[in-house]
Amino acid sequence: MSEVKDGTNNEEIKQEKDQNYWRSFAELHKDPALIASSHNEFQEGATDDFDPSKLSRVSRRKFLALVGASAALAGVGCSDYRDKGEIIPYTKMPEDTVVGKPKYYASTFNYGSISQGIIIKTREGRPIKVDGNPDHPVSKGKINAIGQASVLNLYDPDRLQNPMKKARSGEFLKTTWQQADSEIVNALTANAGKEIAIISSKILSPTTKKTLDDFAAKYPGTKVYSYELFNDEVRNSAWKKCYGTDYYPLIKWNEAKVIVVLEADFLGVDGNKVENSRMFTEGREVSDAKNFNRLYVVEGNMSQTGMNADYRLKLRPDAQNEFVLSLLKEVARRTAYELPIDLSNFSLNNFAKTYSLNTKKLKYLVDDLVNNKGNAIVYAGRILSENTHIAVNLLNDILGNTKLFRTDSDVYSAQPLSSKEELESLVSDMNSGKVGTVIHFDSDPVYHLPNDLGYADALKKVPTVISLIESANDSSAAGHFTLPINHPFESWGDAKTRTGFSSLQQPVIAAIYNTREKEAVLLNWIGGANSKFSDTMYHEYLMKNWESNVYPSLKSRLPFKEFWYGALQEGIVLTNDSAKTFGKFNNSALNGINKTNSKLSGYAVVLNESYSLGDGKYLNNGWLQELPHPVSKMTWDNYASVSQNTAKTLGVESNDKISVTIGKRTLEIPVLVQPGCADNTIAIETGWGRTVVGEVGKGTGFNANVLLSKDAKGSAWLFTSANIKKGDGSYKLVSAQEHHLFEHSPNDNTLGERHIIKEGTVKEYLKNPKFIAEMSEEAPVDEIYPKHPGYFTGVKWAMSIDLNKCTGCSDCVVACIAENNNPVVGKDQVAVGREMQWLRIDTYYSGSEDDPIVSTQPMLCQQCDNAPCENVCPVAATTHSKDGLNQMVYNRCVGTRYCSNNCPYKVRRFNFFNFRDHFRDGFQQKELLDLVYNPEVTVRSRGVMEKCTFCIQRIATEREDAIREHRNIIGANVHTACQDACNTNAINFGDMNDKNSEFYKYRNHELGYYVLEQLNVKPNVTYLAKLRNTHSEEV
Amino acid sequence: MSPDYTKEITLVQGNLTMADLDNAISKPMNEKPGRKYFIALAFTTSLLLLGVIGVSLTFFYGIGEWGNNQPVAWGWGITNFVFWVGIAHAGTLISAILYLLRQKWRTGISRFAEAMTIFAVICAGIFPIIHTGRPWLAGYLIPYPNSHHLWPNFISPLVWDVFAVSTYFIVSLMFWYVGLIPDFAVLRDRATTKIKKTVYSLFSLGWKFSNRDWRHYEKTYMILAGLATPLVLSVHSVVSFDFAVAVLPGWHSTIFPPYFVAGAIFSGFAMVVTALIFVRKVFDLENVITMDHLERMNKIILLTGSMVGYAYLMEFFISWYSGVPTEQYAAINRAFGDYAWGYWIMVSCNSLFPQLFWFKKFRRSIPVMFFVVILVNVGMWFERFIIIASSLQRDFLPSSWGYFSPTWVDFSILIGSFGLFFTLVLLFTRTLPVVTMSEIKGVVEGAQPSHHGGDHNG
Amino acid sequence: MANKKLHSLAALFKTPDEIINAAKKTTEAGYKKFDTNTPYPLHGMDRAMGMGQSKIGFVTLFFGLSGATFIFLFMWWCYAASYNIVVGGKPFLAIPAFIPITFETTVLFAAISTVVGMIAVYFKLPNNSHPLHDTEYMKAVSADKYGLVIEVEDEKFNKTEVTEFLNELGAYKIESIYFPEEEKHRMFEPKFIVFLIFVALATSGMTYVTLNKLMYITPFDWMDKQDKLSAQDGSNIFANGEGMRPPVDGTIARGYMPYPYEGQTNPAQVLSNPTIPTKQVLDLGKRKFLTFCSPCHGNFGDGNSRLQGQFPNGPTLHSDKIINYPDGMIYHIITNGQNAMPSYARQVTRDERWAIVDYIRVLQRAQNAKESDLTSANKESVSNVQN
């Protein structure tokens, strides 16, 4: 608009603005009325619908609405349902199968020299969980961690899937069974006259033994060798010398009042842990605290048994011999017993001085032994020398403790282990070319046998080396044929390790890959060149063997077929072979055991069996690798544990490497400073550091077998005067738990005032049964909120954990993982504290650094009534159920992790990654591993919080049953996975409102306490305070 | 109001006329930005890009990309959130509270402070979303009707946060926009190009400077200020509830709300000063944003800084007085534990250095105040980090104690958030008047009728 | 005047004092439809123009309070009514915990309503087509001048008079404001329609891709597809693609001893019935009988087949032969099949089979019931209750 000088002058404006459009003729003719109206029109604003321009503007405004509508339409209309995969029913429905309902098979699981009766839970014909067989006299329904985790080995993607033959290039190429069989049979027949060496781990199955014998019959020159990395040979030979019978008898741990173990981890790896723990804790029933047994442990490194000791004396292992002799002398003096040998130059007091043993504890020990004649047992570890064992036998003998040896059952061995000499001769034969074929019968001698035996080199001189194994190992790599064998869950078999019964092994799934039972392979070769292999070969062979060799001796009334079916169903058969009785102590055994060892110098090095990995066969098992060490909580690696002082003298700290040198053998391994470890003692666990292993085991730990020697004196696992130097560099060990040392006793400041641990002594308890309750100063807070109607009135789930029975063995942790589909996160993630185990065993040290008191405490979601986690969840993804469960709704979870922050127990676990994808990039997403997951439990996605659910899937099953059977839910019918796994029945679970249930007793026990009860979160897990059976009331 | 207020300090120096003001303020919007500007922009955007990379990694692989773990499930994500929310507080505080208090000196800086509020809230708002494990489900925090009849858990402080922060954002945005309407109108009428004109008229909503409108306008502005003031205080109290409501030793404390609010104002003012120091120089607005403004802000920094310092001491007293071992341990651990280094950085930056402002010389010296406010920004970030990390790392059960150490992704996201903030600030300075024109005109000499026949009703 | 309509006359003044004075005068002169425009609010102008306080505060109050009540009740409703979940043992009406949100919502409602009220209701904005826009006058007042406008609508309006009046007031410049031209759009410009269609397609396409494809690629995980193998899932591990495996031949699951007389016709000995015919058992038996047996044997076991001869009729179950069968024999026939009847072992579990046997007995008894049965039946039912 142009500049306007003053309002009166409109002419110029008119000219300029003349090219206006006109809207109507009337307007064109300047009808004043219309002008007026057109003014009004503007006064009224946008109300006049007759104005087309307005209309058009409205339509413009509709524009967005239109767009929005079309978008919404598109969203709704186009959303198709994604393909959830098709339903694939059985083509031929097996009888007695209800899809979605589990079936249970009794079977047997052998590892090392231990055979365990198991119940395998299968879904749709796939094994998904392993538990103990309640009918098995040894297992009594329990099974150790390795057994629990063995199902993961079945689905290990690194298993061999086809027969392999080494090509000239040195790599293994896939071949067919027919091909391999014919070549091998030719080879076997060809080098007749030459030796065929079958090298096996300990043979527990009579039928396997028979197969081998038949094989030997067919192919003369066959020799069978068997070995175990750790075995009871020393103990047994000592026993044989003393009493004449072959095997050290079994012990009535449950009847012993005083147990003195010398470097013997009988609650851990020394012997059948499951049985020992059970029997040991039978002597720790809070219901009769008067008759608590008392456990003395004299050991070098803090072992799992040591953690449970009432009195623990630490002593370098190579001094044990002198200790026993001194003890022997002292006891003889006290009991006025005429010793058949001269121990004049031994004295317990001097010994105590030299090794600075706690004299008070020592006095208690001697007193107890003397005062409990016949009810005490002294037990020496398998790694100690024969002389020590003989001395211990004598000690037990003069104290009349021999009546604690079991007479109902005895060790049975289908095939004794080969002696050192046999193996040496084998190697020399191999070197001299006398051996034509070596068959590794599910064994790994290259890794296990001492290097200086020279087995690996000798193997190169053998024309045909065959390995029958599940997955490649060091020995198979050195061979020519690698033949994949079935996993135990795919195989028929039997086992006999005790007199009085044998157990049967049946497959629960047909071979997943192109594998065969190891016995079947041999049978096929026995058949010669033109034998037709069939999958049922060994099955029939087994039945025939039982029909002809076992069945007749049993005088069963049933026809064999029914007997056999019954036996399979039960998993075990009671036989009528009885234990051997042993005679009197034979004094000639004592010759020369009384030589004094001069004051020990240098370091003692002791090799122990790994708690989780056995002899290394399970190195590729993620669950076991990530299972925190029962004592040190270390994962994924082995280490050398040393005492604080030793570390100082060596000038190292945890994670620093040291080099252990014994003779010419050297090992570089990182150090862990272990409270309670004896000075100048290095304890190393074996089983790690295999060079040929699958994805999971790759690069974990160090091979401690290199320290083994063929000419080790006394014991193969204990070395004295070793040479230790600070190694170069360090290696990051990762622990699932920080360790801190606390005040004098667990009831002192940090633990006590925080109400984490409450402990006492038997004496205290007997004096005042209420003393635990009196420990907490706060009066229980009253609820300020009204009760929610219908809540906690019916069934209310709760758990009680008896810390008197918990040995801290961590088997429950593996059971939990297997039941609840927890992923393996890997070392790097454990290092930053992201392990996914729902259940952990907390370990607390108190007392002094070098002589600590250890308290263990399983920690899982406490299912608090006033759960702090629930309050803070912004999306109500964790809420409370009427039956007292703190529920976690995975699908609703956004992953703010606020609940974890607000959980006082820090038992919640967060999927920081999709660990299945993150671990060994995508290893756990291989399809084979899908089969291991429990179909009843969600596989959680990344970004979701999770935690212990009290095995809600099992509760749901019970609810379904109750509904179907028109009854109420019975608390006792539900067992959590950890409860099933607990060797010692420390864990009890059930309905806390069921007044007449067994569980109710534990839940409301006077020793019961809640962790952090001062927070008034009202946990539903009761802990029964640990009572230490000490002499005085102080711990 | 009485003219004395305007006399108190000369709000506009070098007696500029209104026209001059308009020119000065709208200059950046009319002329093409120089090379320096683009260099600055390139710098901030590259920081932003770094953050984007970090966030996308986190989004794709999960929170595992960060240092978070058990037990320290919250790390830098929430630290940054609280930090930025804190920064956000100064803006509204300056504009609203000072407006209610008739502090006319606010006019120079209010617009800029409000802008910073909004940008800071944007930065803050990002973190709660990306710190979740499954960000694509963050919508669950909003109460919307759904087939499961599932609602958020209204008693969770995180939901309070959602309401508080979003309310705060919306209200500040409106407050800002209402203040902008007349300026948009001014720009509209000054606009030279067609696009500018249309855009500005769009936003000015056709404002006519009519006095019939002005009276509603002033009332509304007053009401908004009145609403914003308690809102500011509430928002950071709610944020502090995230911690105070938890059972965690070191979090579970009633001192948190005032402590956090003071801290927020503290850090917010520091951030505003930091930015203003540059803005007044770069856009030569020294006459509008005068040294007196800065000095006054420094006084407030001194005050709030001391309040924060008092809170630090109080924490020790309370934990000792509570007699709860875990609480006492948490306090000790905070000062002498694994995070002692962070703690002492925090204490020195927040409580010691601001004490320099007791001296007028320092209050009015650009280098000193710059040094101090930077330290304050650092210190306040550390305060949030220490509160979160040191309490979480060692709580009730020693068995589950841990330590948090950040990854490069943590760093990239923190840096990225600063990139975002300053990018927005830069864009703002070129697109909108950094000073409220209509207000500043109202306070120049002789802007108001000389003879107030007692007929002003404020 | 020409074809342009006058909207108003606008006068410009230089100082605040002048405009205040002008405003006073104009009011006194009795003009109603006039307005003053100033670059910033002038103190005393409201009074000068004879305007009272703004009422907008009431809007704030009303909406603020309603916001508070709404959200508080809403939260309570969510917990107590809509989906009552117990969280941390707190009551459904957790008043202290509701306070923060209630407060925030109050502020939110109040603020939004105030601003919206001011803009939309009081200012009647947005309105960019007001005649005053794009005038020199507007440019002046938006910068640093003070203006006064008297509109044509004012009944006292008379162009010349007003002009004089304004001059008297000392306006340094007077401008006539005209209505701007109405820009006109036709309802459906083809360009616009095309654009609309394009946008619709684009948005719908994007929505579709997002909702059905994008949201299901990594990292998005809704846990609808899990790595585990549920019942009747497929698996590529096994040659036949079946996830479900048959048990290995010869294995015995716990509690599933194989049937000893399998394959035998008329076995010498048979199992004895382990069940007690309680009500539950009979109910089960009835269900299963009606499902599996009745098609051939008829609902009452009278051989009245439903299959209309497409399959050889099942015999009646009331023949003496069958009545005299031992329970085990019937069980055997169900398990093993007989003549044309196949084995039902795969469809019917063991206890279901026994339940069916029991039910068949009931049917047989029902066919020829005796007086005495009634009482004994009562007895039985009593005993069932005890079971």
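Residues numbered from 1 in each chain as written. Chains lettered and ligands numbered in written order. Predicted model: local features only at pLDDT ≥ 70, side-chain atom pairs only at ≥ 80, totals over all residues. Heavy atoms only, no water.

Undergrad: Just checking my understanding: could you explain the overall build of chain B for this structure?
TA: Looking only at helices and strands, chain B has 16 helices and zero strands in total. Whereas a compact globule of 458 residues would reach a radius of gyration of roughly 23 Å, chain B reaches 23 Å, a difference of no more than 12%. Dimensions of chain B, computed from C-alpha atoms along their principal axes, come out at roughly 75 × 55 × 45 Å. The 458 residues of chain B split such that 64% are buried. For chain B, the share of sequence-separated contacts (at least 6 apart) that also reach a separation of at least 24 residues comes to 81%. In the form shown here, chain B has an accessible surface area of approximately 15,800 Å², with 73% of it arising from carbon and sulfur atoms. (Helix = DSSP H or I, 4+ residues; strand = E, 2+ residues; numbered from the N terminus. Rg over C-alpha atoms; globule rule 2.2 N^0.38 Å. Buried < 20%, exposed > 50% of the residue type's maximum accessible area, 1.4 Å probe, protein only. Contact = heavy atoms within 4.5 Å. Areas by Shrake-Rupley, 256 points an atom, 1.4 Å probe, with all protein chains shown as cover.)

Undergrad: Would you take a moment to explain the overall build of chain A for this structure?
TA: Secondary structure assignment for chain A yields 35 helices and 38 strands. The 1035 residues of chain A split such that 63% are buried. For chain A, restricting intrachain contacts to residue pairs at least 6 apart in sequence, the fraction spanning at least 24 positions comes to 74%. Approximately 37,700 Å² of chain A is accessible, and the part contributed by carbon and sulfur atoms is 53%.

Undergrad: Hey, could you run me through the interface of chain C and chain B in this one?
TA: How big an interface is tends to be reported as the loss of accessible area on association of its parts. Counting residues at the interface gives 77 residues for chain C and 72 residues for chain B. In total, chain C and chain B occlude about 6,600 Å² of area from one another, counting both sides; carbon and sulfur atoms represent 67% of this. When residues of chain C are sorted by the area they lose upon contact with chain B, C:Tyr40, C:His43 and C:Glu104 head the list and together hold 10% of the total. Across the chain C-chain B interface, the total number found is zero salt bridges. Our count for the contact surface shared by chain C and chain B stands at 17 residue pairs in polar contact (both at pLDDT 80 or more). Top contributing element to the side of chain C that touches chain B by residue count: helix α4 (residues 95–122) of chain C, with 17 residues. Grouping the amino acids of the side of chain C that touches chain B by side-chain chemistry returns 46 nonpolar, 19 polar and twelve charged. (Buried area = accessible area lost by both parts, 1.4 Å probe. Salt bridge = Lys/Arg side-chain N within 4 Å of Asp/Glu carboxyl O. Polar contact = N/O pair within 3.5 Å; in protein donor to acceptor, adjacent residues only side chain to side chain. Nonpolar A, V, L, I, M, F, W, Y, C, P; charged D, E, K, R; others polar.)

Undergrad: It is not clear to me how the nonpolar core should be interpreted in this structure. Could you clarify?
TA: Nonpolar side chains tend to gather and get buried jointly when the protein is soluble and globular. Counting residues in each nonpolar core, the largest one holds 333 residues, and the members touching the most others are A:Trp623, A:Tyr905, A:Phe950, B:Trp84, B:Phe154, B:Trp251 and C:Leu166. Sort the elements by how many residues they give to this core and helix α6 (residues 157–190) of chain B lands first, with 18 residues. Counting 106 residues, the second-largest nonpolar core is a separate cluster that includes A:Cys242, A:Val378, A:Leu672 and A:Ala722. (Core = buried A, V, L, I, M, F, W, Y, C linked by side-chain atoms within 4.5 Å.)

Undergrad: Quick question: what am I supposed to make of the packing of aromatic side chains here?
TA: Aromatic ring pairs are reported here in terms of the distance separating the ring centres and the angle at which the planes meet. Per the counting criterion, the structure on display carries 112 aromatic pairs over all chains. Ring centres of B:Tyr177 and B:Phe184 lie 6.2 Å apart, and the angle between their planes is 50°; this geometry places the pair in the tilted category. A residue is classified by how much of its surface remains accessible, and B:Tyr177, at 23% relative accessible area, is partly exposed. Exposure remark for B:Phe184: the relative accessible area of 5% places this residue in the buried category. Here B:Tyr259 and B:Phe260 contribute two aromatic rings whose centre-to-centre distance is 5.8 Å and whose plane-to-plane angle is 80°, an arrangement assigned as edge-to-face. Of the two residues examined, B:Tyr259 and B:Phe260, each falls in the buried class. When the ring centre of A:Tyr248 is taken as origin, the NZ or CZ atom of A:Arg235, which lies over that ring, is 5.7 Å away. (Phe/Tyr/Trp six-rings, centres within 6.5 Å; stacked < 30°, edge-to-face > 60°. Lys NZ or Arg CZ within 6 Å of the ring centre and 35° of its normal.)

Undergrad: Any chance you could explain the pattern of salt bridges here in plain terms?
TA: Side chains bearing opposite charge may pair, as long as their charged atoms lie close to each other. Counted under the stated rule, the structure contains 65 salt bridges over all chains. Note that A:Lys363 is salt-bridged to A:Asp367, the shortest N-O span being 2.9 Å. Of this pair, A:Lys363 and A:Asp367 both sit in helix α13 (residues 359–371), four residues apart, roughly one helical turn. Residue classification places A:Lys363 among the exposed positions, given a relative accessible area of 52%. In this structure, a network of salt bridges that share partners links the residues B:Asp292, B:Glu295, B:Lys360, B:Arg363 and B:Arg364.

Undergrad: I tried to follow unusual backbone geometry on my own but got confused; where do I start?
TA: Excluding glycine, most residues fall at negative phi; most peptide bonds, likewise, are trans. The amide bond that connects B:Gln70 to the next residue, B:Pro71, takes the cis arrangement and shows omega of 5°. Among the secondary structure elements, B:Pro71 is positioned in the loop between α3 (35–61) and α4 (76–100). Positioned with a positive phi, A:Ala336 is a non-glycine residue whose angle comes to about 50°. The residue A:Ala336 is located in the loop between α11 (320–334) and α12 (348–354) in this model. On the basis of relative accessible area, A:Ala336 is assigned to the exposed category, the value being 72%. One non-glycine residue, A:Asn655, lies in positive phi territory at about 80°. Its location among the elements puts A:Asn655 in the loop between α23 (644–650) and β21 (656–662). Take A:Asn655: its relative accessible area is 25%, and that puts it in the partly exposed class.

Undergrad: Explain empty space enclosed by the protein to me, please; I cannot follow it from the model alone.
TA: Over the atoms, a rolled probe matching the size of one water molecule traces out where space is still vacant. Residue and element names in this part refer to chain A. Tallied over the entire structure, the rule returns 18 cavities of 30 Å³ or more. Lining of the largest cavity is provided by 24 residues; of these, Asp-265, Val-269, Ser-303, Asn-608 and Tyr-611 occupy positions nearest its centre. Per-element tally for the lining of the largest cavity: the top contributor is strand β23 (residues 681–685), with three residues. Split into classes, the residues belonging to the lining of the largest cavity amount to ten nonpolar, seven polar and seven charged. By volume, the second largest cavity amounts to about 200 Å³. If you go around the second largest cavity, you meet 23 residues; those closest to its centre are Leu-152, Trp-623, Val-824, Gln-924 and Leu-929. (1 Å grid on protein atoms, 1.4 Å probe; cavity = no way out; pocket = protein on both sides within 12 Å on 5 of 7 lines; lining within 4 Å. Points joined across faces, edges and corners; volume = space filled by probe spheres on them.)

Undergrad: I'm lost on the environment of C:Tyr83 in this one. Help?
TA: Along the polypeptide, C:Tyr83 turns up in the loop between α3 (56–82) and α4. With residues up to four places along the chain from it excluded, the contact list for C:Tyr83 reads B:His148, B:His149, B:Leu150 and C:Cys78.

Undergrad: Would you mind going over the sheet that holds strand β18 (residues 603–608) of chain A with me for this structure?
TA: Think of a sheet as strands paired side by side through backbone hydrogen bonds, with each pair either parallel or antiparallel. Residue and element names in this part refer to chain A. Read around the closed barrel, six strands run β18-β23-β20-β22-β21-β24, paired in mixed fashion. Taking the axes of each pair of neighbouring strands and ignoring which way they run, one obtains an average angle of 45° across the sheet. Where strand β20 (residues 640–642) meets strand β22 (residues 665–673), three bridges bridge the pair, whose relative direction is parallel. Across the sheet, Ala-640 pairs through a bridge with Val-671, a residue of β22. (Pairing = 2+ DSSP bridges. Axes fitted to C-alpha atoms, helices over the stretch in contact; angles between N-to-C directions.)

Undergrad: Even after reading the chapter, I still don't get the state of the cysteines, so can you show me in this structure?
TA: A covalent bond between the sulfur atoms of two cysteines is referred to as a disulfide. All names here are of chain A. Enumeration over the complete set of coordinates arrives at zero disulfides over all chains. Cys-948 provides the cysteine sulfur closest to Cys-816, a residue in no disulfide bond, and the two sulfurs are 6.4 Å apart. Cys-978 carries a free sulfur, and the closest cysteine sulfur to it, the one in Cys-951, is 6.1 Å from it. (Disulfide = S-S within 2.5 Å.)

Undergrad: How do you make sense of the sheet that holds strand β37 (residues 1021–1024) of chain A when you look at a structure like this?
TA: Residue and element names in this part refer to chain A. Ordered in space as β35-β28-β37-β36, the four strands form an open sheet in which the pairing is mixed. Of all the strands in the sheet, just β35 (987–991) and β36 (1008–1009) have a single pairing partner and so form its edges. Here strand β28 (residues 797–802) pairs with β37 via four bridges, running parallel. The residue of β37 that forms the bridge with Asp-802 is Leu-1024.

Undergrad: Can you walk me through the packing of helix α10 (residues 327–336) of chain C against helix α11 (residues 350–367) of chain C in this structure?
TA: Between two packed helices, what matters for the description is the angle formed by their axes and the separation of those axes. All names here are of chain C. Look at α10 against α11: their axes get within 9 Å of each other, and the N-to-C directions meet at 125°. On the basis of their axis angle, the class for α10 and α11 is oblique. Considering only the axes of α10 and α11, their crossing is right-handed. Counting all contacts with α10, which are made through Asp-327, Gly-328, Ile-330, Tyr-331, Ile-334 and Thr-335, the residues of α11 involved are Arg-350, Arg-353, Trp-354, Ile-356, Val-357, Asp-358, Ile-360 and Arg-361. (Parallel < 35°, antiparallel > 145°, perpendicular 65-115°, else oblique. Left-handed = near helix turned anticlockwise from the far one by under 90°.)

Undergrad: What is the right way to read a negative patch on the surface from this model?
TA: Taken together, the side chains of A:Glu421, A:Glu422, A:Glu424 and A:Asp452 make up a negatively charged region of the molecular surface. Within the secondary structure, A:Glu422 is located in helix α15 (residues 420–431). (Patch = residues over 30% accessible without salt bridge, like charges linked within 9 Å, V, L, I, M, F, W, Y side chains within 5 Å. Lys, Arg positive; Asp, Glu negative; His and termini not counted. Charge placed at Lys NZ, Arg CZ, Asp CG, Glu CD.)

Undergrad: How do you make sense of the confidence of the model for chain B when you look at a structure like this?
TA: Detailed reading of the predicted coordinates is not advisable wherever pLDDT is low. Residue and element names in this part refer to chain B. Overall, the prediction assigns chain B a mean pLDDT of 85, with 94% of residues at 70 or greater. Within the model, the stretch residues 1–8 combines pLDDT values under 50 with eight contacts to residues more than four positions away or in other chains. Note on residues 452–458: pLDDT is under 50 here. Beyond four places in sequence and across chains, it has eight contacts. For this predicted complex, the interface confidence reaches an ipTM of 0.87, while the overall pTM sits at 0.88. (pLDDT = per-residue confidence, 0-100.)

Undergrad: Help me out: how do you make sense of a nonpolar patch on the surface in this one?
TA: Residue and element names in this part refer to chain B. Together, Leu-49, Leu-50, Val-52, Ile-53 and Trp-408 make up an exposed nonpolar region whose accessible area comes to about 460 Å². Here the nonpolar patch takes four residues from α3, the largest share from any one element. As for its placement among the helices and strands, Val-52 is situated in helix α3.

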